[in-house]
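Overview (structure and organization)
Spelled out from the first residue to the last, the chains are:
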Amino acid sequence: MAASFAQPRSGGVGSVGGTLAGWSPRLRSADDRFSTGRDRMVARVRDLVDSNGWLSGAVQRQVDEAIGANFRFNWNPDLNALGLDRDWAKEFVAETENAFHNYANDPRRPLDAGGRLNLAGILGLGFRHRMGEGDAIGLAHWMPKRPFEYSTAIQVVDPDRLSNPYGKFNAENLRNGIEINGYGAPVAYHFRSRHPNDPWSMSNQTWNRINARTKWGRARVIHFFEMEQAGQTRGRGLLGPAIEKIKVADDYERSEQEAALINAIFAAFIESPFDKTIMDEVTEEDGAISQYQQDRSAYAAENPVLFGGSKVHRLFAGESFNFNHGNRDNAAFQVFISNALRHAATALGQSYEEFANDWSGTNYSSARAAMLKSWKFLTTRRGHFANGFATPIFALWLEEHISKGKITLPPGAKRFWENPAAWCRGSWIGPGRGWVDPVKEANASQIRMENNLSTLQTEAAEQGQDYREILDQRARERDEFEERGLAYPGGDQTQVTYVEDQNGDTVSAHVSRLEDIGRRAQMRGN
């Protein structure tokens, strides 16, 4: 083996000899890479998420942090591109946002074709499918006969139902249930009528062909996945690369638990002198073993071994009573499990501390660094998902909203399909980032705004809030304070003085009003 390292190398990373001689993967197209073994991989991931507490909690936490219970759209249409002005925006932007929010969160659940989910529920389910299977799929239905103001409705579809009709093999223009044109753009989608392994509808399953869009461009299928290779038609789940290590760690942990349980059950045992040598001797006499065992059984029945205080019970001649100390060499267990959890955390884009909920070895600086790194990854993933799945839902509703005459357009303004991108511009507000040190980070937020490095909209969105709602609420509170003759808090500028330890953790913080600081300085000068 040592001789192979001594041989001269050539070709750099593409060398065909040396230590990489046995590693010869073949070049594969995108659909070949991600479609081969797709069903088996998805089944394994789902089984692990169902049975492994680490993964189940991590996936749920990722959905909660990315989507949460109230996913809101901050509409900001491109006024210049649409031929509109700020006066129009003041009249219609907030009104349109509220109309969409009310429809999306109506307790009758009209946005969901199945009548079960609000907007956050629809997006959360789609995001969960994107994490596990790689695809988030929604069907856009037009349901005018319902007793609701709008006919737009969304149905989230299990990605397992998207498949080639009747088991057809992939072809040049049919890939994994999707018809594509020469440029790879989707033309139509083929969906099973039910899940392929639904025990209540195994027979008489059919496929429905649904065009990707209507003739005028309205989406009929919303399909989101993150493309990793040109020509890819289906997505890949996030947990696939780490599934082997997680499964091995799960089995290892279960084996350790079983071993500990066995040690606890077999707390003590009786050792008999009836070893192999005696066995060989007594086998020459018929009935010798049976007589010996009968004597032991009779004695044990008359003198049971009980832990009755400090009393010492007598044993049969030659027997000894021993405790099972349960000594197991599992020093590497924690290291092995931690390594597997780090692999899973990296696959999900989380820090190890967040994934394992283990903050025992962190201080303020390291905790904040870990949180910021995870937050960047999460906001990027949330942004991709929002643009690819949430914004198309808003576009479907906004088209209907405008067609119903809910928005008055001045002469010369662009219609929806003349510039849909300008009409649908905006940002989505999800759950807030949270604070490690609230006082220090709130003060930093104030400094950024005072130095024109940020805005109230940006700072509020980072904490999962809409700045318009904050301003409206503060205005209402100020009026109520004035009605009661009370001073409204927070009106004066403040300065914060920190006392930190050697690790950078804030020990204490003192908040002072700037006018009080100036008054004390003037008194010292006199």
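Everything numeric in this text was worked out from a predicted model, so none of it was measured.

**A closer look at the overall build of the protein chain**
Counting secondary structure elements, the protein chain contains 18 helices and 13 strands. Counting all 526 residues of the protein chain, 36% fall into the buried class. Of the contacts formed within the protein chain by residues at least 6 apart in sequence, a portion of 64% connects residues at least 24 apart. Accessible surface, the protein chain: about 31,900 Å² in total, of which carbon and sulfur atoms supply 52%.

**Here we look at the nonpolar core**
Counting residues in hydrophobic clusters, the biggest one holds 74 residues, and the most contacted among them are W88, L398 and W423. Counting residues per element, this core draws most heavily on helix 13 (residues 364–403), at 13 residues. Those residues in contact with L398 that lie beyond four places of it in its chain are W75, T96, I407, F416, W423 and C424.

**Description of the packing of aromatic side chains**
Per the counting criterion, the structure on display carries 23 aromatic pairs. Plain terms: the ring middles of F100 and F394 are 5.0 Å apart, the flat faces sit at 90° to each other, and that makes the pair edge-to-face. Highlighted residues: F100 in helix 6 (residues 86–104) and F394 in helix 13, separated in sequence by 294 residues. You'll find F100 and F394 in the same group, each marked buried. Taken together, a centroid distance of 5.1 Å and an interplanar angle of 90° make the contact between F416 and W417 edge-to-face. Since its relative accessible area comes to 38%, W417 is described here as partly exposed.

**Section: the side chain of T391**
The residue T391 is located in helix 13 in this model. A relative accessible area of 15% places T391 in the buried class. Excluding its chain neighbours within four sequence positions, the residues that come into contact with T391 are A386, C424 and W428.

**A look at the sheet that holds strand 4 (residues 174–175)**
The strands making up a sheet associate through backbone hydrogen bonding, with each pair oriented either parallel or antiparallel. Taken in spatial order, the four strands line up as 4-5-6-7 in an open sheet, and their pairing is antiparallel. A strand with exactly one partner marks an edge of an open sheet, and here the two such strands are strand 4 and strand 7 (207–211). Bridging between strand 6 (residues 186–192) and strand 7 involves five bridges; their strand directions are antiparallel. Across the sheet, residue H190 finds its bridge partner in strand 7, namely R209.

**Describing helix 17 (residues 467–483)**
Relative to the 24 Å expected for 17 residues at 1.5 Å per residue, helix 17 spans 24 Å between its end C-alpha atoms, a close match to the ideal helical length. Among the residues trailing helix 17, G485 stands out with phi positive, at a value near 70°.

**Topic: helix 7 (residues 119–132)**
When the terminal C-alpha atoms of helix 7 are compared, their 20 Å separation across 14 residues agrees well with the 20 Å that a helix rising 1.5 Å per residue should span. In terms of burial, helix 7 is largely enclosed, as 11 of its 14 residues are buried. Along helix 7, the residues that are buried comprise L119, A120, I122, L123, G124, G126, F127, H129, R130, M131 and G132. Positive phi appears at G134, one or two residues downstream of helix 7, with a value of about 100°.

About the criteria used
- In every chain, residue numbers begin from 1 and rise along the written sequence.
- This being a predicted model, a pLDDT of at least 70 is required before a residue's local features are given, and a value of 80 or more before pairs of side-chain atoms are given or counted; all residues contribute to the totals for chains, interfaces and linings.
- Values shown for side chains rest on all heavy atoms present in the structure; no hydrogens or waters enter the calculation.
- For helices the rule is a DSSP run of H or I covering at least 4 residues; for strands it is a run of E covering at least 2, with both sets numbered from the N terminus onward.
- The buried label goes to any residue with under 20% of its type's maximum accessible area, the exposed label to any with over 50%, and the partly exposed label to all in between, with areas taken from a 1.4 Å probe on protein chains only.
- By definition, residues are in contact when any of their heavy atoms lie within 4.5 Å.
- Note on areas: these come from Shrake-Rupley sampling with a 1.4 Å probe, and a residue is covered only by the protein chains present in the view.
- Buried Ala, Val, Leu, Ile, Met, Phe, Trp, Tyr and Cys residues that are joined via side-chain atoms within 4.5 Å together make up what is termed a nonpolar core.
- Any Phe, Tyr or Trp ring, taking Trp's six-membered ring, that has another such ring centre within 6.5 Å forms a pair; planes under 30 degrees apart are called stacked, those over 60 apart edge-to-face, and the others tilted.
- Only strands joined by at least two bridges in the DSSP assignment are considered to pair.
- Multiplying one less than the number of residues by 1.5 Å gives the expected span of a helix.

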